[in-house]
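Close look at the chain arrangement
Letter by letter, the chains look like this.
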Amino acid sequence: MEKKITVLPGDGIGPEVVASAVKVLQVIGKRYNHTFHLGYAAIGGAAIDQFNNPLPDETIAMCEESDAVLLGAVGGPKWDNNPPELRPEKGLLKIRKHFDLFANLRPVKAFPSLLASSPLKREVAENVDLMIVRELTGGIYFGEPRKKTNEAAVDTCVYSRREIERIVENAFELARLRRGKLCSVDKANVLDTSRLWREIVEEKKFQYPDVEVEHNLVDSVAMKLITNPGQYDVVVTENMFGDILSDEASVITGSLGVLPSASIRGDQFGLYEPVHGSAPEIAGQGAANPAATILSVAMMLQYSFGLKEEAAEIERAVNAVFEDGYYTADLARHHDRVLTTDEWTDKVLNEI
Ligand code: NAI
Ligand code: MG
């Protein structure tokens, strides 16, 4: 197989973790006989410094020519006082919007060897294997009108039928590929957008008789993610609820440094990135955990290229290195073998 991938290293630890993930991608290519053509482009703070634009046209053009995009992370104190249009995060929002990446997939899976780092009891966290599917391009973050004065402020939550249908379909398809359970999260006792959401899930479920569906209110799910996260398979929800719940879910298994994500749109194209940010305070020290970005490459192989075996091999290798007791500094509190980013990456490469 031959694929074109645009690589956007970004800021802080972004370039370090992306370099690790690219090495893994290349070793997978060699072992399974695939050619991955990589092109590098700028986004975020790096792009502001170079082009005075967090998402330059050249970057968009390169992504448009590609089958998938791998992103590190953006942001840092250097740009915190910039005007809104010249902030690194703007680059992220724009790329998601430009490519209409309406579905954000965040799998949360317990690595047995990392459970000591979880804030939850081992018996609560150990069976977790869930996927949050967050709607990414609609809802209150984008709704008009919006306005702020000193005395009052307005934000508007808007969802069209089509916007809800496509994310719900996506979630049903994912549930079908996993354990066949879907939890739809809303606030239908209060919000009209949630009532429409719930109606559409009820309509769609007849096309997926093999998927078991339940509706749940967001406040209740916030609680159950802590008390019994093992009950969930696929959880689908709108933009703001998903933002909050996915951050909550991200701590269940112990570390931000191991969580990948995908932003997709129902065809083969996708943007893959770690859940964590640019961690500027540890940048350049070889202290970054590259696992989240490496696992994001596994998601790319699976969801954009249909390479399931290759994706599973990456997950197996990452798990094996943890099982052997090798960790980067973020996870090393309970262990003694602390490796740098590059040393840890080499363990994964050897394992593959
Ligand atoms: P962060 O995720 O960068 O860091 C949170 C904590 O986790 C820090 O203690 C950091 O050292 C640690 N951490 C994160 N990733 C790690 C890794 N791979 N290995 C080891 N330790 C890791 O979030 P924070 O501190 O809130 O934001 C820092 C910057 O990143 C800000 O400028 C923020 O805007 C940006 N950010 C960017 C995101 C993105 O590009 N998608 C997402 C979240 C934040
Ligand atoms: Mg967030």
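On a predicted model such as this, the values are computed, not experimentally measured, just so you know. Throughout, residues of each chain are indexed from 1 in the direction in which the sequence is written. Here the convention is simple: chains get letters from A, ligands get numbers from 1, in the order in which they are written. For this predicted model, a pLDDT threshold of at least 70 governs which residues receive local features, and a threshold of 80 or more governs which side-chain atom pairs are given and counted, while totals over whole chains, interfaces and linings are taken from all residues.

A few points about helix H2 (residues 44-51)
Every buried residue belonging to H2 is among Gly44, Gly45, Ala46, Ala47 and Ile48, and all of these are buried. Contact between two residues is assigned when their C-beta atoms, built from the backbone, lie within 7 Å. For helices the rule is a DSSP run of H or I covering at least 4 residues; for strands it is a run of E covering at least 2, with both sets numbered from the N terminus onward. Elements that come into contact with the buried residues of H2 comprise strand E1 (2-10), helix H3 (57-64) and helix H4 (88-98). Residue asparagine 52 follows H2 closely and has a positive phi angle near 55 degrees. With C-beta atoms placed from the backbone, a residue is buried if 20 or more other C-beta atoms are within 10 Å of its own, exposed if 12 or fewer are, and partly exposed between those counts.

Brief notes about the UniProt feature "binding site: Mg(2+)" (unreviewed entry) in the chain
UniProt positions are given in the numbering used here, feature names are shortened, and annotations may be inferred rather than shown by experiment. Mapped onto the present numbering, the UniProt feature "binding site: Mg(2+)" (unreviewed entry) falls on Asp219, Asp243 and Asp247. These residues run over 29 residues, yet every pair of their C-alpha atoms falls within 14.4 Å of each other. For aspartate 219, a count of 11 C-beta atoms within 10 Å puts it in the exposed group. Mapped onto the elements, aspartate 243 comes out in helix H9 (residues 239-250). Given 18 C-beta atoms within a 10 Å radius, aspartate 243 is considered partly exposed.

A look at the domain arrangement of the chain
Bring the parts together and some accessible area is lost; that lost area is often taken as the interface size. Domain boundaries assigned for the chain yield domain 1 (1-109 + 255-352) and domain 2 (129-251). Placing the centre of domain 1 and that of domain 2 at their C-alpha centroids yields a distance of 25 Å. Taken together, the contacts link 17 residues of domain 1 with 16 residues of domain 2. Looking at the side of domain 1 that touches domain 2 element by element, the count peaks at seven residues for strand E4 (residues 103-109). A class-by-class count of the residues in the side of domain 1 that touches domain 2 yields nine nonpolar, three polar and five charged. For every domain, the bounds stem from an assignment made automatically or drawn from a database. Ten residues, namely Ala, Val, Leu, Ile, Met, Phe, Trp, Tyr, Cys and Pro, are considered nonpolar, four, namely Asp, Glu, Lys and Arg, are considered charged, and the remaining ones, Gly among them, are considered polar.

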